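# Coordinate analysis (summary)
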Amino acid sequence: MKRAKRIYVLLGVLAVVCVAAFAVVHYQEEQERIANTDEVILEVDPDAVESLSWSYDDQSLAFHKDEHWIYDEDEAFPVDEEKINALLEQFQSFGASFIIEDVTDFGQYGLDDPACTIDIATADTSYEIQLGDFSTMDAQRYVSIGDGNVYLVQNDPMDSFEVTIQDLIQNDETPDFDQVSSIRFSGADSYEAVWQEENTYTACADDHYFVQEGDAWLPLDTSRVESYLNTISSLDPDDYVTYSAGEEDLDAFGLDDPELTVSVQYTAEDEEGNQTAETFTISVSRDPAEREATAAETEETEEDITAYVRIGDSKIIYQIAGTSYEKLMAAGYDDLRHREVFTADFGDVTGLEITLEGSTYQITSEGTGDDKTFSYGEEELEIGDLQSALESLTAASFTEESPDQKEEISLTVTLDNENVQEIRIQLYRYDGEQCLAVVDGEPVSLVPRSSVVDLIEAVNAIVL
């Protein structure tokens, strides 16, 4: 009897639970109707928007439009209008993938305390868009637009609105330099490099940038100059320290008297193909205290460098990394000139006269192009090792110091070249690690002694 009574009690409890569950489900269905949708829930014309503001993580940003976008807190702030328009464009046709109607508890979707609230206003309408939690099933964002419903959206506005004011500045741009006519460097080493399409001065056909010294035109290494210009183009500064620089700021950041100013004259082409002459200028400097310390011969590593740049007359000053500073400062004549002792195309070589240990050897050639052959005496040569050794003579540093020790080896190279028919290279002892290279009677550079030894061994392999 007791057992039967216990069963009746359990059955009663079960019935109550079932009724309660049915009531909850029925109530939920009555309160919130859930359905898939491909509905466009907002259509806001970006061009009609007059104000935009949003807040998240205790940060609030607000902008208004008066012909151009203006930052409410500081009208001097240079707003990147493309970025503001990009924020608005997602609401031009803002669609949902899921709709929850007649919501009574917005808290369960994180919308009682939204992660982000976006306010948009046109002349006629205001919109408030609240971003809640993520759906646990499909990781889509819950969104409210104030119509009593909650939507799930695949394109989460938070992906673009989670920015700071620093992300919305109109940074100065660094152009690509396709057609450069000249580059002027002003600083410790001041000079102008001029582009010349036709090279009538040197044996290197790739030489196009020249520096005038008296009546002479000294070549720069075109690949080094182009690499330097690429350093400027790829700088892409964005870490600003001020966007309204005045005289005091220029002084504080060392840009009232910059360490280096580079002005590039180039031809720009617009989308219609029209060409215009442009000048791009960039100024570079370290923190004034660092400059003073360095002048006092205090050692400084890349990590220690605090450096700034300014583009043209912009009011924005940027801080740059020590590595970028050092690349920009590598703009002297010695930084951009050829490091190779022999700069001609070996394909132009017609013969070599080599003096080694008091003996002179003649290497001659026959034919041209791929059919050219070299000979020593009556024997045809494989010239590859000698060519490689000659082309591997590169400067460890440049010098105007005259030689005062023994000549190790000299070569007179004859060329089939309209500009230069002969190059004489003399290599002298200097110290245990280096030799002094003299080209056409002028001291040029110190080269590693190991490279000179390789050249001597390549000659000995031919003549001994």
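If you're wondering where the values come from, they're calculated on a predicted model, not measured in any experiment. (Residues numbered from 1 in each chain as written. Predicted model: local features only at pLDDT ≥ 70, side-chain atom pairs only at ≥ 80, totals over all residues. Heavy atoms only, no water.)

## A short note on the pattern of salt bridges
- In this structure the tally under the stated criterion is 8 salt bridges.
- For Asp80, the salt bridge is made with Lys83, and the minimal N-O distance between the two is 4.0 Å.
- Put simply, Glu357 and Lys406 hold a salt bridge, and the shortest N to O gap is 3.5 Å. Separated by 49 residues along the polypeptide, Glu357 in the loop between strand E21 (349–356) and strand E22 (359–366) and Lys406 in the loop between strand E25 (397–398) and strand E26 (407–415) bring together distant segments of the chain.
- On the basis of relative accessible area, Glu357 is assigned to the exposed category, the value being 58%.
- We classify Lys406 as partly exposed; its relative accessible area is 37%. (Salt bridge = Lys/Arg side-chain N within 4 Å of Asp/Glu carboxyl O. Helix = DSSP H or I, 4+ residues; strand = E, 2+ residues; numbered from the N terminus. Buried < 20%, exposed > 50% of the residue type's maximum accessible area, 1.4 Å probe, protein only.)

## Some thoughts on the packing of helix H9 (residues 384–391) against helix H10 (residues 449–463)
- Contact pair H9 / H10: the axes reach a minimum separation of 9 Å and the direction vectors enclose 160°. The angle between H9 and H10 places the two elements in the roughly antiparallel class. Note that H9 runs across H10; the crossing there is left-handed. Each of Asp385, Leu386, Ala389 and Leu390 in H9 lies in contact with H10, whose residues at this interface are Asp454, Leu455, Ala458, Val459 and Ile462.
- Residue composition of the contact of H9 with H10, by class: 7 nonpolar, no polar and 2 charged. (Axes fitted to C-alpha atoms, helices over the stretch in contact; angles between N-to-C directions. Parallel < 35°, antiparallel > 145°, perpendicular 65-115°, else oblique. Left-handed = near helix turned anticlockwise from the far one by under 90°. Contact = heavy atoms within 4.5 Å. Nonpolar A, V, L, I, M, F, W, Y, C, P; charged D, E, K, R; others polar.)

## Observations concerning the pairing of strand E18 (residues 275–286)
- For strand E17 (residues 260–269) and E18, the ladder comprises 10 bridges, and the chain directions are antiparallel. Along E18, the bridge assignment pairs Tyr266 with Glu278.
- Hairpin geometry of E17 and E18 is characterised by an intervening segment of 5 residues between the two adjacent antiparallel strands and by a positive phi of about 90° at Gly273.
- Relative to strand E19 (residues 307–311), E18 runs antiparallel, the two being bridged by 5 bridges. Following the sheet pairing, Arg286 is matched in E19 by Ala307. (Pairing = 2+ DSSP bridges.)

## Describing the sheet that holds E22
- Here we have 9 strands laid out as an open sheet, ordered E24-E23-E22-E21-E26-E27-E28-E29-E25, and antiparallel in their pairing. Each edge of the open sheet carries a strand with a single partner, namely strand E24 (379–381) and E25.
- Taken together, the 6 bridges between E21 and E26 define a ladder with antiparallel strand orientation. By the bridge assignment for E26, Gly351 is matched with Thr414.

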